[in-house]
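Residue strings, one per chain:
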Amino acid sequence: GYVDDFPQWVKDNDGEIILDNAKVKIKDGEASVYPIDAVAAIGSVTVELVFKKDPDGVWRVITAEVEGI
């Protein structure tokens, strides 16, 4: 699927993920990371990811907001 092809797509399109300005905020058992900037030859987007810790102790993405599409 798309996830499996993503690393090659990033490489083919000179993609880059920029976390320089990203801040992590934790509230009510959820953590948000924003802004995550993704740039490539075809354009750019800004993403916010929200994570929640599952009972097994692993933080998993529960929502993603994408700006700039």
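Before reading further, recall that the structure is shown in the block above.
Rules of the game
- Residues numbered from 1 in each chain as written.
- Predicted model: local features only at pLDDT ≥ 70, side-chain atom pairs only at ≥ 80, totals over all residues.
- Heavy atoms only, no water.
- Salt bridge = Lys/Arg side-chain N within 4 Å of Asp/Glu carboxyl O.
- Buried < 20%, exposed > 50% of the residue type's maximum accessible area, 1.4 Å probe, protein only.
- Phe/Tyr/Trp six-rings, centres within 6.5 Å; stacked < 30°, edge-to-face > 60°.
- Helix = DSSP H or I, 4+ residues; strand = E, 2+ residues; numbered from the N terminus.

Draft legend 1. Fine view of the pattern of salt bridges. Under the counting rule described, the total for this entry stands at two salt bridges. Where Arg60 meets Asp54, a salt bridge forms, and the shortest distance between an N and an O atom there is 2.7 Å. Given the relative accessible area of 35%, Arg60 is considered partly exposed. Overlapping salt bridges, with partners in common, bring together Asp54, Asp56 and Arg60 in one network.

Draft legend 2. Spotlight on the packing of aromatic side chains. Across all of its chains, the model carries one aromatic pair by this definition. For the ring pair Phe6 and Trp9, a centre distance of 6.2 Å and an interplane angle of 15° mean the geometry is stacked. One end of the pair, Phe6, and the other, Trp9, are both in helix α1 (residues 2–12), three residues apart, so they sit about a helical turn from each other. For Trp9, a relative accessible area of 38% corresponds to the partly exposed category.

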